Amino acid sequence: MLDATTDLKSLLNDPTLLESRAYVNGAWTDGSDGTFDVTNPARGDVIAQVADLSRAQVAEAIDAAYAAQKEWAALTGKERANLLRKWFDLMTENAEDLGIILTAEQGKPKSEAVGEIHYGASFVEFFAEEAKRVYGETIPGHQRDKRITVIKQPIGVAASITPWNFPNAMITRKAAPALAAGCAFVARPAKETPLSAIVLAVLAERAGIPAGVFNVVTSSSASATGKEFCENPKVRKLTFTGSTEVGRILLRQAADQVMKCSMELGGNAPFIVFDDADLDAAVEGAMLCKFRNNGQTCVCANRIYVQAGVYDAFAAKLAEAVAKLNVGDGLSDGVTTGPLINEDAVEKVEEHLNDVTSHGGAILTGGQRHALGGTFFEPTIVTGVTQDMMVAQDETFGPLAPLFKFESDEEVIEMANDTIFGLASYFYAKDLSRVYRVAEALEYGMVGINTGIISTELAPFGGVKQSGLGREGSHHGIEEFLEMKYLCMSV
Ligand SMILES: NC(=O)C1=CN([C@@H]2O[C@H](COP(=O)(O)OP(=O)(O)OC[C@H]3O[C@@H](n4cnc5c(N)ncnc54)[C@H](OP(=O)(O)O)[C@@H]3O)[C@@H](O)[C@H]2O)C=CC1
Ligand SMILES: O=C(O)[C@H](O)CS(=O)(=O)O
């Protein structure tokens with residue numbers, strides 16, 4: 001066993017949670033293509049060698065899901081709910097260990113990782129309850145001898161492809177409604193962070209979720225797995241979270257089967273501070289919104305617009321708050337900011353930063369790779385940012401806070417909406433008519449008003465324009481995994 005694996009196991013209350021095989025049809029499965037390495041981004045060492053499944057093995061997982069789905073759907077909603085509740089209880093009981101595993105492979109501070117585990121588990125808890133509430137309807141007949149009924153049925157086998165930035169919650173946000181609806185599920189996690197997905201399977205098995213209902217296929221080739229998901233006729237639903245670029249590829253591939261797709265894609269969130277805002281609250285919200293997960297979330301503030309009259313005061317307060325961030329290894333106590341996921345991520349931050357400074361912007365704080373080396377980067381604020389700079393159109397996905405100045409409400413709404421994305425947006429203001437006008441004018445699926453954190457299992461999460469299709473979470477979330485059937489009966 002690798003030294004780093006031994007070290008990681010030594011941190012766990014239950015070392016058996018650290019599994020490196022895939023989970024197919026209730027069996028722990030080695031990869032016919034060998035293994036691929038999983039690295040701790042804070043330390044650079046290999047913490048696991050995970051099963052590398054071939055496309056043929058992915059097809060076997062789909063076969064297993066297809067075979068298990070009918071019996072799973074035949075259970076009552078309450079029976080499925082009871083099993084999902086046990087899964088939720090096990091996630092909650094093991095949250096500390098799941099958080100340590102998540103931090104080790106993804107890098108976020110352990111406190112954030114444990115927070116993600118509870119956030120991820122909240123979807124399982126919520127949709128366990130929704131399993132009992134898949135209602136149909138009756139409609140008055142169109143003729144005297146006709147009776148109209150509408151029923152909801154599970155779509156069948158659902159497959160997911162998820163990113164590395166929330167390796168637990170992005171899976172449960174999909175698998176929980178799918179299983180609650182009566183679907184069977186095949187999850188393919190990002191190659192950077194498969195351990196958090198695998199441990200969900202460990203707990204699903206312990207919860208008594210039947211073999212074949214929840215499968216985790218780990219692979220180094222996302223493309224091959226994605227093609228199998230899109231081309232295999234037994235798959236009736238594809239649910240993806242990741243970049244818009246990859247979302248487009250998958251939609252094109254899924255089109256051949258006219259497959260039902262949910263897409264949670266890229267963002268470019270504006271964070272607007274009006275001159276009537278509570279500046280201290282706005283700074284607190286900006287810190288949470290920008291620097292959560294080191295800026296590696298699709299709903300992070302990507303552009304910070306500040307009205308001219310409060311620009312300097314806001315910038316000074318934000319710099320004070322950024323100075324308090326503690327960059328380091330997420331497994332160390334007191335660390336608030338971990339490393340970026342990989343070298344590509346660091347280079348993207350540098351590219352956006354250099355574009356700002358080479359076009360007249362200025363660094364207020366930070367601005368370079370951290371003294372810790374590796375993929376650590378100094379939390380950075382830049383000022384004098386304008387709409388023609390890269391950061392205005394492209395998602396940084398890192399700890400870069402670009403401050404734009406604006407004069408009028410009309411001007412900032414136009415700038416905020418000037419993007420192909422439409423996922424999350426935020427603004428701070430007190431005047432009620434301004435709040436209504438701005439909230440209604442922003443072209444986004446989600447608007448945070450005087451708050452920088454909007455994510456909850458109770459609300460419909462999703463975007464418009466090229467940020468995605470469909471919603472996850474809330475009672476809307478289960479509809480993504482149901483088909484509506486119209487029954488017309490002649491009496
Ligand atoms: N709207 C939302 O909720 C979210 C959006 N995102 C967006 O995703 C981006 C960052 O995440 P990142 O993981 O780099 O995004 P990517 O889109 O590169 O990867 C997301 C997932 O897709 C897989 N993938 C990559 N290429 C293909 C392909 N050709 N066919 C099938 N699967 C593929 C990846 O696998 P592998 O990593 O193994 O190559 C990974 O599991 C940002 O743009 C961010 O905004 C991220 C999270 C949430
Ligand atoms: O992947 C993401 O960025 C998540 O969707 C963000 S959140 O749901 O944790 O806010």
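Residues numbered from 1 in each chain as written. Chains lettered and ligands numbered in written order. Predicted model: local features only at pLDDT ≥ 70, side-chain atom pairs only at ≥ 80, totals over all residues. Heavy atoms only, no water.

- Per an unreviewed UniProt entry, the recorded name for the protein is Succinate-semialdehyde dehydrogenase (NADP(+)), and the organism is Pseudooceanicola lipolyticus.
- Quoted verbatim from the Sequence similarities (unreviewed entry) heading of the UniProt record, the comment on the protein is "Belongs to the aldehyde dehydrogenase family." (UniProt positions renumbered as here; feature names shortened; annotations may be inferred.)

### Quick notes on the packing of aromatic side chains
Part 1 of the reasoning: Taken as a whole and assessed by the stated rule, the structure comprises 11 aromatic pairs.
Part 2 of the reasoning: Measuring from centroid to centroid gives 6.2 Å for F185 and F214, while their planes differ by 15°, and the two rings are stacked. In this pair, F185 is assigned in strand β8 (residues 184–188) and F214 in strand β9 (residues 214–216), connecting sequence segments 29 residues apart. Each member of the pair, F185 as well as F214, is classed as buried.
Part 3 of the reasoning: Pairing F274 with F427 gives two aromatic rings, centres 6.1 Å apart and planes at 85°, and the pair type is edge-to-face. On the criterion of sequence distance, the pair formed by F274 in the loop between β12 (269–273) and α10 (279–291) and F427 in strand β17 (residues 424–428) is long-range, its members being 153 residues apart. Both residues of the pair, F274 and F427, belong to the buried class.
Part 4 of the reasoning: One aromatic cluster is present, built from ring pairs that chain together W87, F185 and F214.
Part 5 of the reasoning: The cationic tip of K237 hangs over the ring face of F481; the distance from NZ or CZ to the ring centre is 5.3 Å.
Part 6 of the reasoning: Sitting over the ring of Y311, K405 keeps its end group 4.8 Å from the ring centre. (Phe/Tyr/Trp six-rings, centres within 6.5 Å; stacked < 30°, edge-to-face > 60°. Helix = DSSP H or I, 4+ residues; strand = E, 2+ residues; numbered from the N terminus. Buried < 20%, exposed > 50% of the residue type's maximum accessible area, 1.4 Å probe, protein only. Lys NZ or Arg CZ within 6 Å of the ring centre and 35° of its normal.)

### Topic: the domain arrangement of the protein
How big an interface is tends to be stated in terms of accessible area lost as the parts join.
Part 1 of the reasoning: Here the protein is partitioned into domain 1 (8–265 + 467–489) and domain 2 (269–449).
Part 2 of the reasoning: Averaged C-alpha coordinates put domain 1 and domain 2 at centres separated by 31 Å.
Part 3 of the reasoning: Contact with domain 1, which involves 23 residues of that partner, is made by 25 residues of domain 2.
Part 4 of the reasoning: Together domain 1 and domain 2 conceal approximately 1,900 Å² of surface at their shared face, both sides included; 58% is due to carbon and sulfur atoms.
Part 5 of the reasoning: Three residues, P109, W164 and S467, lead the burial of domain 1 against domain 2; their summed loss comes to 26% of the area buried on that side.
Part 6 of the reasoning: Remark: the boundary between domain 1 and domain 2 carries 1 salt bridge.
Part 7 of the reasoning: The tally of links between domain 1 and domain 2 comes to 8 residue pairs in polar contact (both at pLDDT 80 or more).
Part 8 of the reasoning: Broken down by secondary-structure element, the contributors of at least two residues to the side of domain 1 that touches domain 2 are α4 (95–106), α5 (110–130) and α9 (244–255).
Part 9 of the reasoning: It is α4 that contributes the most residues to the side of domain 1 that touches domain 2, 4 residues altogether.
Part 10 of the reasoning: Of the residues belonging to the side of domain 1 that touches domain 2, the class tally is 8 nonpolar, 6 polar and 9 charged. (Domains from an automatic or database assignment. Contact = heavy atoms within 4.5 Å. Buried area = accessible area lost by both parts, 1.4 Å probe. Salt bridge = Lys/Arg side-chain N within 4 Å of Asp/Glu carboxyl O. Polar contact = N/O pair within 3.5 Å; in protein donor to acceptor, adjacent residues only side chain to side chain. Nonpolar A, V, L, I, M, F, W, Y, C, P; charged D, E, K, R; others polar.)

### What to know about the pattern of salt bridges
Part 1 of the reasoning: Evaluation of the coordinates by the stated rule reveals 26 salt bridges.
Part 2 of the reasoning: Across the pair E96 and K110 runs a salt bridge, and its minimum N-O distance is 3.2 Å. A residue pair is termed long-range when its members are at least 10 positions apart, and E96 in helix α4 and K110 in helix α5 qualify at 14 residues.
Part 3 of the reasoning: Take K110: its relative accessible area is 29%, and that puts it in the partly exposed class.
Part 4 of the reasoning: Between R434 and D275 there is a salt bridge, with the nearest N and O atoms lying 3.1 Å from each other. Pair noted here: R434 is in helix α14 (residues 432–441) and D275 is in the loop between β12 and α10, with a separation of 159 residues, a long-range link.
Part 5 of the reasoning: On the accessibility criterion, R434 (11% relative accessible area) is buried.

### Describing the packing of α5 against helix α6 (residues 169–181)
Part 1 of the reasoning: At a closest axis distance of 8 Å, the pairing of α5 and α6 adopts a crossing angle of 10°. In this view, α5 runs roughly parallel relative to α6, as classed from their interaxial angle. Here E116, Y119, G120, F123, V124 and F127 of α5 lie close against α6, whose contacting residues are A169, T172, R173, A176, P177 and A180.
Part 2 of the reasoning: Of the residues in the contact of α5 with α6, the class split is 8 nonpolar, 2 polar and 2 charged. (Axes fitted to C-alpha atoms, helices over the stretch in contact; angles between N-to-C directions. Parallel < 35°, antiparallel > 145°, perpendicular 65-115°, else oblique.)

### Brief notes about the sheet that holds strand β5 (residues 137–139)
Part 1 of the reasoning: One open sheet holds the 3 strands; their spatial order is β5-β6-β20, and the pairing between them is antiparallel. Strands at the two margins of the open sheet, each flanked by one partner only, are β5 and β20 (482–490). Averaged over all neighbouring strand pairs, the angle between strand axes comes to 25°, with direction disregarded.
Part 2 of the reasoning: Direction of pairing for strand β6 (residues 146–154) relative to β20: antiparallel, over a ladder of 9 bridges. The residue bridging I151 from the neighbouring strand is K485, located in β20. (Pairing = 2+ DSSP bridges.)

### Comments concerning the pairing of strand β7 (residues 157–161)
Side-chain direction in a regular strand flips from residue to residue, so the side chains alternate between the two faces of the sheet.
Part 1 of the reasoning: Of all 5 residues that make up β7, 5 are buried, and the element is covered over most of its length.
Part 2 of the reasoning: Side chains of β7 alternate between two faces, with V157, A159 and I161 and A158 and S160 buried alike.
Part 3 of the reasoning: Bridge count between β7 and β8: 5 bridges; the pairing is parallel. Looking at the pairing, V157 lines up with A184 of β8.
Part 4 of the reasoning: The parallel pair β7 and β8 is bridged by α6, and the resulting crossover is right-handed.
Part 5 of the reasoning: With 5 bridges joining them, β7 and strand β10 (residues 235–241) adopt parallel strand pairing. Residue pairing in the sheet places I161 in a bridge with F240 of β10. (Right-handed = clockwise from strand over helix to strand, strands pointing away.)

### Section: the site of ligand 2
Part 1 of the reasoning: Lining the immediate surroundings of ligand 2 are Y119, N165, F166, M170, R173, R292, T297, C298, V299, S455 and F461.
Part 2 of the reasoning: Side-chain polar atom of R173 to an oxygen atom of ligand 2: 2.9 Å apart, as the coordinates give it.
Part 3 of the reasoning: S455 is positioned with one of its side-chain polar atoms (N or O) 2.2 Å from an oxygen atom of ligand 2.
Part 4 of the reasoning: Here ligand 2 has 290 Å² of accessible area as a free molecule, and 99% of this is covered by the chains.
Part 5 of the reasoning: Classifying every residue of the shell around ligand 2 gives 6 nonpolar, 3 polar and 2 charged.
Part 6 of the reasoning: When residues are assigned to domains, the shell around ligand 2 turns out to be shared by domain 1 (8–265 + 467–489) and domain 2 (269–449), each giving three or more. (Near = heavy atom within 4 Å. Areas by Shrake-Rupley, 256 points an atom, 1.4 Å probe, with all protein chains shown as cover.)

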